[in-house]
Amino acid sequence: MTYVLLIIGFVFLVKGADFFVSGSSAIARFFKIPSFIIGLTIVAFGTSAPEAAVSITAAFKGQNDIALGNVVGSNIFNLLVVVGVCALIKPIGVKTSILAKEFPFSILATVALLLMGLDVFFGGGDSNILSRNEGWVLILFFCIFVFMLVTSALSARKSGEIVDLADDAQSEESSKKKQPLWKSILLAVVGLAGIIGGGQLVVNSAREIALSFGISESLIGLTIVAIGTSLPELVTSIVAATKGESDIAIGNVVGSNIFNILFVLALSAAIHPVSFDLNALIDLGILIAVSLLTYVFAIAKKGVNRIEGGIMVSLYIGYMVYIILR
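About the criteria used
- Residues numbered from 1 in each chain as written.
- Predicted model: local features only at pLDDT ≥ 70, side-chain atom pairs only at ≥ 80, totals over all residues.
- Heavy atoms only, no water.
- Helix = DSSP H or I, 4+ residues; strand = E, 2+ residues; numbered from the N terminus.
- Buried < 20%, exposed > 50% of the residue type's maximum accessible area, 1.4 Å probe, protein only.
- Contact = heavy atoms within 4.5 Å.
- Areas by Shrake-Rupley, 256 points an atom, 1.4 Å probe, with all protein chains shown as cover.
- Phe/Tyr/Trp six-rings, centres within 6.5 Å; stacked < 30°, edge-to-face > 60°.
- Core = buried A, V, L, I, M, F, W, Y, C linked by side-chain atoms within 4.5 Å.
- pLDDT = per-residue confidence, 0-100.
- Patch = residues over 30% accessible without salt bridge, like charges linked within 9 Å, V, L, I, M, F, W, Y side chains within 5 Å.
- Salt bridge = Lys/Arg side-chain N within 4 Å of Asp/Glu carboxyl O.
- Expected span 1.5 Å × (residues − 1).
- Polar contact = N/O pair within 3.5 Å; in protein donor to acceptor, adjacent residues only side chain to side chain.
- Bend = angle between axes of the 7 residues up to and from the residue.
- Axes fitted to C-alpha atoms, helices over the stretch in contact; angles between N-to-C directions.
- Parallel < 35°, antiparallel > 145°, perpendicular 65-115°, else oblique.
- Nonpolar A, V, L, I, M, F, W, Y, C, P; charged D, E, K, R; others polar.

This part is about the overall build of the chain. When helices and strands are counted, the chain shows 13 helices and four strands. Within the chain, the fraction of its 326 residues that count as buried is 52%. A fraction of 84% describes how many contacts in the chain between residues 6 or more apart in sequence connect residues 24 or more apart. Accessible surface, the chain as shown: approximately 14300 Å² in total, 70% of it carbon and sulfur.

What follows concerns the environment of K61. On the secondary structure map, K61 appears in the loop between α3 (49–60) and α4 (64–89). Expressed as a C-alpha distance, the spacing of K61 and V203, which sit 142 residues apart in the sequence, is 9.6 Å. Residue contacts for K61: discarding those within four places in its chain leaves Q200 and N204.

As enumerated under the stated definition, the model contains seven aromatic pairs in all. The structure contains a cluster of three or more aromatic residues connected by ring pairs, namely F77, Y316 and Y319.

This paragraph deals with the nonpolar core. Soluble globular proteins tend to pack their nonpolar side chains together in the buried interior. Counting residues in each nonpolar core, the largest one holds 65 residues, and the members touching the most others are I92, L113, L130, L262, F276 and Y316. At the level of elements, α3, α4, α5 (96–116), α7 (132–159), α10 (217–242), α11 (246–271), α12 (278–300) and α13 (306–325) are the ones that each hand at least two residues to this core. Top contributing element to this core by residue count: α4, with twelve residues.

Let us look at the confidence of the model for the chain. Scored by pLDDT, the chain comes out at a mean of 80, with 86% of its residues at no less than 70. Ranking the helices and strands of the chain by mean pLDDT puts α13 first, with 92, and helix α8 (residues 169–178) last, with 47. The low-confidence segment residues 162–177, where pLDDT is below 50, has 16 contacts with residues more than four positions distant or belonging to other chains.

Time to look at the side chain of D283. Mapped onto the elements, D283 comes out in helix α12. Taking the relative accessible area as the measure of exposure, D283 reaches 3% and is therefore buried.

Inspection of the secondary structure assignment puts S127 in the loop between α6 (119–123) and β2 (129–130). What makes S127 partly exposed here is its relative accessible area of 38%. It is 9.0 Å that separates the C-alpha atoms of S127 and G117, two residues lying ten residues apart in sequence. Residues within four places of S127 in sequence aside, it is in contact with D119 and V120.

As a further point, take a nonpolar patch on the surface. Residues M1, V4, L5, I7, I8, V11 and F12 make up a contiguous nonpolar surface patch of roughly 640 Å² in combined accessible area. The exposed category is assigned to M1, whose relative accessible area is 69%.

The next subject is α12. Taking 1.5 Å per residue as the helical rise, α12 with its 23 residues ought to reach 33 Å, and the 33 Å between its terminal C-alpha atoms agrees with that figure. Those residues of α12 lying buried are A280, L281, D283, L284, L287, I288, V290, S291, T294, Y295, F297 and A298. On the buried face of α12, the contacting elements are α4, α5, α10, β4 (303–304) and α13. Of the residues flanking the start of α12, the one acting as N-cap is D277, its side-chain oxygen 3.3 Å from the backbone nitrogen of N279. K302 lies just past α12 and shows a positive phi near 55°.

Turning our eyes to something else, we now look at α10. Taking 1.5 Å of rise per residue, the 26 residues of α10 would be expected to cover 38 Å, and the 36 Å separating its terminal C-alpha atoms lies within 8% of that figure. The largest bend in α10 is about 40°, located at A226.

With that out of the way, let us pick up the packing of α12 against α13. Two numbers describe how α12 lies on α13: the axes approach to 11 Å, and their chain directions differ by 175°. By the criterion of interaxial angle, the relationship of α12 to α13 is roughly antiparallel. Between α12 and α13, the residues in contact are I282, D283, I286, L293, T294 and F297 and E308, I311, M312, L315, Y319, Y322 and I323, respectively. Looking at the contact of α12 with α13, its residues break down into ten nonpolar, one polar and two charged.

Structure representation (structure tokens):
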């Protein structure tokens, strides 16, 4: 029954995120918000809602091994699998603005998290902990990031630099007729309810499975929970890539990774301090290395090709073997 509840929880998470993204994106398009901003904010935050639901639920229960493993595992999965699989399907391009601003910000956020977790090395503490205060500091950085995005979008719209949605006014008008604003809001609310309920089921079921097999909650967080909660990012980015909307595909991954660290894990720490063992620090180091590799691939030709996508997926398989054997 525990396995059944785990599967039901993932279904709630994925479908809830799907509804939430559809409703939120429709609301954003109703107000003519550019597609790459939708990718970096609404789609990214919406597809990260399962991570938020799982990690915050785990934090309230004091099970922060699941919260930390979920965030780090999800971010590695997003970079290596989501970007890698999208590139294998169709080589993807990356906007110069994402390479110049959001992607470096994502890497810096990961480095900041690692430094905050090294209390024994830098703070002279007895253990490595992400404290409540540090969690609030990260949330402050998240607010600054969102403010920068909104300001950038508004200034770009005012100067007439962004016209990507205005080009398709007719289809936009027809979509408005098909789905009124109130239906979009209802869809987003129903989706959010599914995400919260699914998060509860996944955390409870994953913990029971971990205990029954005698394996650590951190391993469950890095594998089953991380992959399960990253399914919305994978599905959303694959659909976006096949439709030629690579701005949404890459923006979704970068935005999700920033959201996971600066909001999901930060809020988890603000609720209950998160402890870092040696393996968690190693995983964070791997996440930084993977982030830099993806950035190098993306910046070399302003995109990721099929060969690079294959390398990234292969690296993830190697990482999975490593953490399971570990």
